[in-house]
Amino acid sequence: MDLPPRDRFDAWAQRMGSTHAPMRLTTDRTEDYRGHQRVIELGEVVVWPATMDPLRFHRTARLVRQSDPETYHLSLLLKGEGAAVWDRRQAVYRINDFHTNSSSRSWEVSTGPDPVTIVGVEIPRTLVAVPGHRVDRILGGLVSGREGSGALLAQFLRQLISDTGPYRPSDAPRLGTVVADLVTVAFANAVDADPSLPPETRSRTLVLHIKDHVRRHLADPDLTPARIAEAHHISRSYLYRLFQDEGVGIASYIRDQRLAGAHRDLTDPALSGLPIHAVAARWGFFRAAEFTRAFRTAHGLPPSEVRERARASRTGEPGAGVVTAGVVTAGVVTARDGARDADVVTA
């Protein structure tokens, strides 16, 4: 919604209070405040990427007593800077740091002099399988999104917010479970409480680590189940069992990721001059005939025709076909449905 300048800050303050928990917000730019937020509901978990002008958030003890949804909050800082004060302590956040807090505690957070971009996560405390008294030790402090389990959580959130189109409403609770597991592991590692993690959380997190490893090594011709198992210090049989539970074999997962990457390159105008065999090699296919067969099976068309249709679509030529599918355009809406987005714009 595009609001008159004089109404923007009040609307933004109300929006932030309903997204997270009631807060007192202040800014030096009340006359022409600008902010944009997307809300992605994943069952009980809510993810909300946002960009906003400088702001100070203050959740007071009085507001905690008045309303407490009993959630943990994480903010992944993507642009700008911020600082927090709680319990006479303070922390300064850099790009790719997570700020953490709880709706059950009072705190104050302020951003720097320039606009900030964050990815907020709201998650019920009951979904985090780490004892609350242990989590209390790290709340307000830094959780790095550059290494370890924090990096895996950050990467998952970036991938999620980049395009929710491929997801169906029925995927939302499953995606929420993935977020909850990653938050659990990040918190557990931060408080050195890993032994308390449930076995199913350990397994799901290991699968996510393996998938991340696969995506980073798709061009490697030696990306085999044996090498993957060795890199993660597990047996091949356990690796096969993990992916059997995912409903797809590890070899099929590697092939599907390679084909998806090749499809993106073939429809990318910046790579239109790259020969098809070179595109195939970029994604671990070194035999042209094998690549063409696998690509046609996956996408229904040979690589050359997919590239030609993408080119024709960009130039508006007759007969241009749709090469990509599953795109959802997020509109300005008041209702939120599953994994679809709701946009809130104050500028």
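Asker: Provide a residue-level description of the overall build of the protein chain, including the pertinent values.
Answerer: Looking only at helices and strands, the protein chain features 12 helices and 12 strands. For the protein chain, restricting intrachain contacts to residue pairs at least 6 apart in sequence, the fraction spanning at least 24 positions comes to 71%. A total of about 17500 Å² of accessible surface is found on the protein chain, and carbon and sulfur atoms cover 50% of it.

Asker: Please give an account of the pairing of strand β3 (residues 45-52) that cites residues and values.
Answerer: Most of β3 sits out of view: 7 of its 8 residues are buried. Adjacent in sequence and paired antiparallel, strand β2 (residues 35-42) and β3 are bridged by 2 residues, among which Gly-43 carries a positive phi angle near 65°. Examined bridge by bridge, β3 and strand β10 (residues 116-124) share 7 bridges and lie antiparallel to one another. Paired with Trp-48 across the two strands is Gly-120, which belongs to β10.

Asker: Give a detailed account of the sheet that holds strand β1 (residues 24-26), specifying residues and quantitative values.
Answerer: The sheet built from 5 strands is open, its strands ordered β1-β4-β9-β6-β7 with antiparallel pairing. Each edge of the open sheet is held by one strand with a lone partner, namely β1 and β7 (89-93). Taken over all neighbouring pairs, the strand axes of this sheet differ in orientation by 15° on average, direction set aside. Bridge analysis of β1 against strand β4 (residues 56-59) gives 3 bridges, and the strand direction is antiparallel. Paired with Leu-25 across the strands is Phe-57, a residue of β4.

Asker: Can you break down the packing of helix α4 (residues 148-162) against helix α5 (residues 172-190) residue by residue, with the values?
Answerer: Orientation of α4 relative to α5, taken along the N-to-C sense of each, is 155°, at an axis distance of 8 Å. Relative to α5, α4 is oriented roughly antiparallel. As α4 runs across α5, the sense of the crossing is left-handed. Mapping the contact onto sequence places Ser-149, Leu-152, Leu-153, Phe-156 and Leu-160 in α4 and Leu-175, Val-178, Val-179, Leu-182, Val-183, Val-185, Ala-186 and Asn-189 in α5.

Asker: Can you break down the nonpolar core residue by residue, with the values?
Answerer: Of all hydrophobic cores here, the largest spans 36 residues; its most connected members are Leu-42, Val-47, Leu-74, Phe-98, Ile-123, Val-183 and Phe-187. Elements with a minimum of two residues in this core: β2, β3, β5 (71-79), β10, α4 and α5. With 10 residues, the top contributor of residues to this core is α5. Setting aside anything within four residues of it in sequence, one finds Ile-123 in contact with Val-45, Thr-71, Tyr-72, Leu-74, Val-128, Ala-180 and Val-183. Within the second largest apolar cluster, 26 residues are counted, among which are Leu-223, Ala-229, Leu-259 and Val-306.

Asker: Outline the pairing of β4, listing residues and values.
Answerer: Side chains Phe-57 and Arg-59 of β4 all project onto a buried face; the interleaved residues Arg-56 and His-58 project onto a face where none is buried. Here β4 runs beside strand β9 (residues 107-111); their pairing, made up of 4 bridges, is antiparallel. In the strand pairing of β9, His-58 is matched with Glu-108.

Asker: Talk me through the confidence of the model for the protein chain; I want residue IDs and the actual numbers.
Answerer: Keep in mind that low pLDDT regions are not for reading the predicted coordinates in detail. Per-residue pLDDT for the protein chain has a mean of 83; in total, 88% of the residues score no lower than 70. No element of the protein chain has a lower mean pLDDT than strand β12 (residues 341-345), which averages 50, and none a higher one than β10, which averages 95. Counted against residues more than four places away or in other chains, residues 318-340, with its pLDDT under 50, gives 44 contacts.

Asker: How would you sum up empty space enclosed by the protein? Please name residues and give values.
Answerer: Summed over the entire model, instances satisfying the criterion amount to 2 cavities of 30 Å³ or more. Of the volumes computed, that of the largest cavity is approximately 270 Å³. Taken together, 24 residues line the largest cavity, and the ones lying closest to its centre are Phe-57, Ser-75, His-99, Val-109 and Ile-118. For the lining of the largest cavity, the secondary-structure elements that each account for two or more residues are β3, β5, β6 (82-86), β8 (97-102), β9 and β10. Taken together, the residues that form the lining of the largest cavity break down as 13 nonpolar, 8 polar and 3 charged. In this model, the second largest cavity occupies a volume close to 40 Å³. For the second largest cavity, the full set of lining residues is Trp-86, Thr-100, Asn-101, Ser-102, Arg-105, Ser-106, Trp-107, Leu-139 and Gly-140. With 3 residues, the single largest contributor to the lining of the second largest cavity is β8.

Definitions and cut-offs
Residues numbered from 1 in each chain as written. Predicted model: local features only at pLDDT ≥ 70, side-chain atom pairs only at ≥ 80, totals over all residues. Heavy atoms only, no water. Helix = DSSP H or I, 4+ residues; strand = E, 2+ residues; numbered from the N terminus. Contact = heavy atoms within 4.5 Å. Areas by Shrake-Rupley, 256 points an atom, 1.4 Å probe, with all protein chains shown as cover. Buried < 20%, exposed > 50% of the residue type's maximum accessible area, 1.4 Å probe, protein only. Pairing = 2+ DSSP bridges. Axes fitted to C-alpha atoms, helices over the stretch in contact; angles between N-to-C directions. Parallel < 35°, antiparallel > 145°, perpendicular 65-115°, else oblique. Left-handed = near helix turned anticlockwise from the far one by under 90°. Core = buried A, V, L, I, M, F, W, Y, C linked by side-chain atoms within 4.5 Å. pLDDT = per-residue confidence, 0-100. 1 Å grid on protein atoms, 1.4 Å probe; cavity = no way out; pocket = protein on both sides within 12 Å on 5 of 7 lines; lining within 4 Å. Points joined across faces, edges and corners; volume = space filled by probe spheres on them. Nonpolar A, V, L, I, M, F, W, Y, C, P; charged D, E, K, R; others polar.

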